[in-house]
Amino acid sequence: MTENQQKIYFIEVLRGIAPLLVVGYHAAGPLVNAYASFPMLGLDIFRNGNIGVDIFFMISGFIICYATQKVETRPLLSFVIRRFFRIYPLFLFCLLFVWFSYSSWKPASEFIKSAFLLHSNYSLRAPFFGYNMLYPAWTISYEILFYSIFLIGMAFSHKWRALITSLIILTSMLAIQLHFKSSISVSGDFSAYSVEMGAFAPVFTMLGSPMLLEFILGMFLFFVFRTFGEIKNNAIKFTMISTSVAGIYLLIHINTKLHGFTDKGLIAAFIFISMMIAEMSGAKMSFRITRFFSNISYSLYLTHSIVLSLSLMYIKSIGYTEYPKGFLFFALLMGTCILISYFSHIFIEKPFILLGKRLLINITRKKI
């Protein structure tokens, strides 16, 4: 995002909420059966918390178009450098920490696959495919694939980058699904994997995944947002805010099980679109708290699994079989995850982002 671009507040809110939903989903154990009157409290609140993944994918599609509006010097190299320093250094640091602290017993081949953002086994359940050694990073594999296709789209035409990217994704997905499975699906749990894919299984299986459709929706919604701009209308604004609240209600009361547009993706899109239209209609959702969580969102998403794993290991080492029950321990887990992510954002993520920016400045100066 360039400095002269106007901030889009609803994206900041969504990017702040999404990782909290995911962390709550993974840390809800202390709330389950903690209180007799509300035995399923943790599940009732966070049963669909992993919808944060679907929201992240839509945000990525939206933001990548927004951030590349301006044609930069050496745009393709600039895109690669910005994405690399934004994503990979923190991921690699977290992966190395996991490897050396509690996963060194796993085969080195699994670490290497994880380091290259390959899933552990593409014959396993979609869209996770056996996860990454740093388990939240299974989603980053989709992000990197999307960025790679978007880079191709930019190489062909900056103006039509989103359309070209969408056509590549759609044609690849349909061709792979039809060729290897003789069927078409938009369900997130669909897998195009086949032993016939051989060494190309990682690429073909991922390209055949309907999860990529969420990135397309994000790109499409960006151009809707940019094309129609402000449509000042208080009636629409309050209706869309109410619709967003209804979406949050659905998160609590509907038990969705799958990612993608046949399940969680529908609710994610429902919330995303209603908040976008609310902002287009005049609602400026600017909150200091969501700005904070938006800034640390990537760090929180990656590091929370480490905090939870180490916490559970410690709990078991002192004689417990599971997390202690109660809201206080849940709050302690959440607070620790947030604190660690804040430090990782300040001392790892942010310095590498700045390093990438300095590298780009030096490259631009040399060309001039």
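See above for the structure.
In this text the structure is predicted, and so the values were computed from the model without any measurement. (Residues numbered from 1 in each chain as written. Predicted model: local features only at pLDDT ≥ 70, side-chain atom pairs only at ≥ 80, totals over all residues. Heavy atoms only, no water.)

Engineer: What should I look at first to understand the packing of helix α1 (residues 9-27) against helix α3 (residues 51-67) in this one?
Structural biologist: To describe two helices that pack against each other, one gives the angle between their axes and the distance between the axes. Put simply, α1 and α3 touch, their axes get as near as 8 Å, and they point 150 degrees apart. Compared by their axis directions, α1 and α3 come out roughly antiparallel. Between α1 and α3 lies a crossing of left-handed hand. Of the residues in α3, those in contact with F10, I11, L14, R15, A18, P19, L21 and V22 of α1 are I51, G52, V53, I55, F56, I59, F62 and I63. Of the residues that constitute the contact of α1 with α3, the class distribution is 14 nonpolar, 1 polar and 1 charged. (Axes fitted to C-alpha atoms, helices over the stretch in contact; angles between N-to-C directions. Helix = DSSP H or I, 4+ residues; strand = E, 2+ residues; numbered from the N terminus. Parallel < 35°, antiparallel > 145°, perpendicular 65-115°, else oblique. Left-handed = near helix turned anticlockwise from the far one by under 90°. Contact = heavy atoms within 4.5 Å. Nonpolar A, V, L, I, M, F, W, Y, C, P; charged D, E, K, R; others polar.)

Engineer: Explain the packing of aromatic side chains to me, please; I cannot follow it from the model alone.
Structural biologist: By convention here, two paired aromatic rings are described through the distance between centres and the angle between planes. Scanning all chains against the criterion turns up 33 aromatic pairs. Centre to centre, the rings of F84 and F85 are 5.3 Å apart; their planes meet at 85 degrees, and the pair counts as edge-to-face. Overall, the relative accessible area of 42% leaves F84 in the partly exposed class. Note on F85: relative accessible area 14%, which makes it buried. Their ring planes at 20 degrees and their centres at 5.5 Å tell us that F84 and Y88 sit as a pair that is stacked. Remark: Y88 and F84 occur in helix α4 (residues 75-101); sequence separation between them is 4 residues, near one turn of the helix. Residue placement shows R83 over the ring face of Y147; its charged tip is 5.3 Å from the ring centre. (Phe/Tyr/Trp six-rings, centres within 6.5 Å; stacked < 30°, edge-to-face > 60°. Buried < 20%, exposed > 50% of the residue type's maximum accessible area, 1.4 Å probe, protein only. Lys NZ or Arg CZ within 6 Å of the ring centre and 35° of its normal.)

Engineer: What is the right way to look at a nonpolar patch on the surface in this model?
Structural biologist: A cluster of nonpolar side chains, contributed by F292, L339, Y342, F343 and F347, occupies part of the molecular surface with about 490 Å² of accessible area. Sort the elements by how many residues they give to the nonpolar patch and helix α14 (residues 327-367) lands first, with 4 residues. Mapping Y342 onto the fold places it in helix α14. (Patch = residues over 30% accessible without salt bridge, like charges linked within 9 Å, V, L, I, M, F, W, Y side chains within 5 Å. Areas by Shrake-Rupley, 256 points an atom, 1.4 Å probe, with all protein chains shown as cover. Salt bridge = Lys/Arg side-chain N within 4 Å of Asp/Glu carboxyl O.)

Engineer: I tried to follow the layout of surface pockets on my own but got confused; where do I start?
Structural biologist: To find leftover empty space, one rolls a probe the size of a water molecule over the atoms. In this structure, the largest pocket occupies an estimated 1400 Å³ of space. In terms of lining, the largest pocket is formed by 50 residues, of which the most central are R15, I63, R83, R86 and I353. Every element with two or more residues in the lining of the largest pocket is listed here: α1, α3, α4, α6 (138-156), α12 (288-295), α13 (297-317) and α14. Per element, the largest residue contribution to the lining of the largest pocket is 9 residues, and it comes from α14. Partitioning the lining of the largest pocket into residue classes produces 26 nonpolar, 11 polar and 13 charged. (1 Å grid on protein atoms, 1.4 Å probe; cavity = no way out; pocket = protein on both sides within 12 Å on 5 of 7 lines; lining within 4 Å. Points joined across faces, edges and corners; volume = space filled by probe spheres on them.)

Engineer: Teacher, can you tell me more about the packing of α6 against helix α7 (residues 161-181) here?
Structural biologist: Between α6 and α7, the least distance of the axes is 8 Å, while the angle of their chain directions is 125 degrees. The pairing of α6 with α7 is recorded here as oblique in orientation. Between α6 and α7 lies a crossing whose hand is right-handed. For the pair α6 and α7, contact is made by F146, I149, F150, I152, G153, M154 and F156 and by R161, I164, T165, I168 and I169, respectively. In terms of residue class, the contact of α6 with α7 is built from 9 nonpolar, 2 polar and 1 charged.

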